Amino acid sequence: GGVFWLSPAPACGPTAPGAPGARGGGGGPGAGAGPGRGGAGRRSLEAALEALAGQGYPAPLQVIFCLEEDDAAARDAVQGLEAVRRGKAAVVAVPPHPFRTGKGSNLAGGASAALHPWLAWMDADVEPGPGFLPRLCAPLVRPGVGCAFAFPFHRGARGLTAAALALFVNVRGLTDFLPPALSGRRPTFLAGAAVAVRREALESMGGAEALAGRLADDIRLGELLGARGWRIQPARTPAWCAAGSPGPRGFWARLRRWMLGARLQMPRLHAASGLRLGALWALFCLGLGAAGLALAPGQVGPGAAVGPTASPAGTAAVLILGAAAWGVFRAGAAAAVGLILEEASTLRWCWLAPAVDVAWAAAWIGSWFGRSVEWAGVRYRLGPGGTVARLLPRVPAVGGRRSCPR
């Protein structure tokens, strides 16, 4: 078997793992991770290689780091690796492509350089524990399974926006995506944080080049493999991701990218997902209730006047109580997710869940307007089916961090 470890995007902030934009890949088991600022980025890559060496994967090892030619931070970090200097890892420099994301270009470059029959890629913030790699690839031994993936969950969130992103990923993953995937039904989707795929399955759909021009490469991978009769199987292991520090702009940019990609590549499913927007429907029902109270007729009889039975103060009280009840319910659900996952930061920040729901609803509504997103220092304009076109070149790092969100 073989693996291809990929980190698609920069992190905004000096302490976030997986920093500016290098990609790693390989076939084999192979490893790569996104370098950060200077020595810190190099250390994160060295730690990724050490984690890979401790996986106990009984197969030859090939390590390939793929990066875009214009990403100086990634190039400097990768070239300084001991494994690269000793020839134990190769570096593939991929030219920026006007109609591909950086991740897409690196996927294509890494897949063409990999040697082994199984390939896998992981985001830089994935923290593989002992045995993660064998468990990720285990479903591929079954006949007809062309792809396996691990659901991402965030842990160790520090700060408001990091906690908000972790709550969004963890609650949605556990309540919306994981149950149907593990119910025995044949999934037609996958999560792209940690993916393993047969080379023959990848080649049957046109290779990694077929994914390179789409914003949501994981959605496209599921579509193409399913159309060719390959089964997609979730691995029975989570992909634990280190919660970075996206900042308010980075948090919103990520929600926007996910929502807009889903709307363009899965329009029917995305439209139906509006039914799960608790914040939107809670506000709608509260508004209807308040309007009903305010406009309800009074008693009619001798000496009785016709008018509203609810005072403004009463209407406001109903709204406040209803919103509080909804907020308590959502916070309780997030706390339950934290207990099930045994993830302390999700439990600690559960009170933030109602605000995350509101942000999710706003991003869902916003996905029906406009077609531009930011990712890895580049602004893209999306076309039909989630195809991409670069609008701006990579944004350089300023003062040790990028000026745009991950």
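Quick note: structure is the one above.
Now for a description of the structure that goes with this document. What you are looking at is a predicted structure, and each value in this text was computed from that prediction instead of being measured.

The rules behind the values
- Residues numbered from 1 in each chain as written.
- Predicted model: local features only at pLDDT ≥ 70, side-chain atom pairs only at ≥ 80, totals over all residues.
- Heavy atoms only, no water.
- Axes fitted to C-alpha atoms, helices over the stretch in contact; angles between N-to-C directions.
- Helix = DSSP H or I, 4+ residues; strand = E, 2+ residues; numbered from the N terminus.
- Parallel < 35°, antiparallel > 145°, perpendicular 65-115°, else oblique.
- Left-handed = near helix turned anticlockwise from the far one by under 90°.
- Contact = heavy atoms within 4.5 Å.
- Nonpolar A, V, L, I, M, F, W, Y, C, P; charged D, E, K, R; others polar.
- Buried < 20%, exposed > 50% of the residue type's maximum accessible area, 1.4 Å probe, protein only.
- Expected span 1.5 Å × (residues − 1).
- Pairing = 2+ DSSP bridges.

**Side note on the packing of helix α9 (residues 217-227) against helix α10 (residues 247-265)**
Each pair of packed helices gets described by two things: the angle between the helix axes and the distance between those axes.
Okay, step 1: Orientation of α9 relative to α10, taken along the N-to-C sense of each, is 25 degrees, at an axis distance of 10 Å. As judged from the angle between their axes, α9 and α10 are roughly parallel. Regarding α9 and α10, the two cross each other, and that crossing is right-handed. From α9, Ile 219, Arg 220 and Glu 223 reach across to α10, where they touch Gly 261, Ala 262 and Gln 265.
Okay, step 2: Tallied by class, residues from the contact of α9 with α10 come to two nonpolar, two polar and two charged.

**Some thoughts on the environment of Ala 242**
Okay, step 1: Structurally, the position occupied by Ala 242 is in strand β9 (residues 239-242).
Okay, step 2: Using a relative accessible area of 11% as the deciding quantity, one classes Ala 242 as buried.
Okay, step 3: When the C-alpha atoms of Ala 242 and Asp 125 are compared, they prove to be 5.3 Å apart, with 117 residues separating the residues in sequence.

**Quick notes on helix α15 (residues 353-366)**
Owing to its 3.6 residues per turn, the α-helix aligns residues three or four sequence positions apart on the same side.
Okay, step 1: Helix length check: α15, at 14 residues, gives a terminal C-alpha distance of 20 Å against a target of 20 Å (1.5 Å per residue), a fit within 8%.
Okay, step 2: α15 sits mainly inside the fold: 10 of its 14 residues count as buried.
Okay, step 3: The complete set of buried residues in α15 reads Ala 353, Pro 354, Val 356, Asp 357, Ala 359, Trp 360, Ala 361, Ala 363, Trp 364 and Gly 366.

**Looking at the pairing of strand β11 (residues 378-382)**
Okay, step 1: Taking every second residue as pointing to the same face, the buried face of β11 carries Val 378, Tyr 380 and Leu 382, while none of Arg 379 and Arg 381 on the other face is buried.
Okay, step 2: Pairing of strand β10 (residues 372-375) with β11, which is carried by four bridges, proceeds in the antiparallel orientation. Its bridge partner being in β11, Glu 374 is matched across the sheet by Arg 379.
Okay, step 3: Hairpin connection of β10 to β11: two residues between the antiparallel strands, including Ala 376 at a positive phi of 55 degrees.
Okay, step 4: Pairing analysis gives three bridges linking β11 to strand β12 (residues 388-390), with the strands arranged antiparallel. Within the sheet, the bridge partner assigned to Arg 381 lies in β12 and is Ala 389.

**Here we look at the sheet that holds strand β8 (residues 231-234)**
Okay, step 1: With mixed pairing, the four strands of this open sheet are ordered in space as β4-β7-β5-β8. Across the chains shown, the open sheet's two edge strands, defined by having one partner strand only, are β4 (118-122) and β8. Each adjacent strand pair in this sheet contributes to an overall mean axis angle of 15 degrees, direction not counted.
Okay, step 2: Both strand β5 (residues 145-150) and strand β7 (residues 194-198) contribute to a ladder of four bridges, which runs antiparallel. Bridged to Phe 149 within β7 is Val 195.

**Re unusual backbone geometry**
Okay, step 1: In this structure, Glu 342 is a non-glycine residue whose phi angle is positive, near 55 degrees.
Okay, step 2: By relative accessible area, which is 74% here, Glu 342 ends up exposed.

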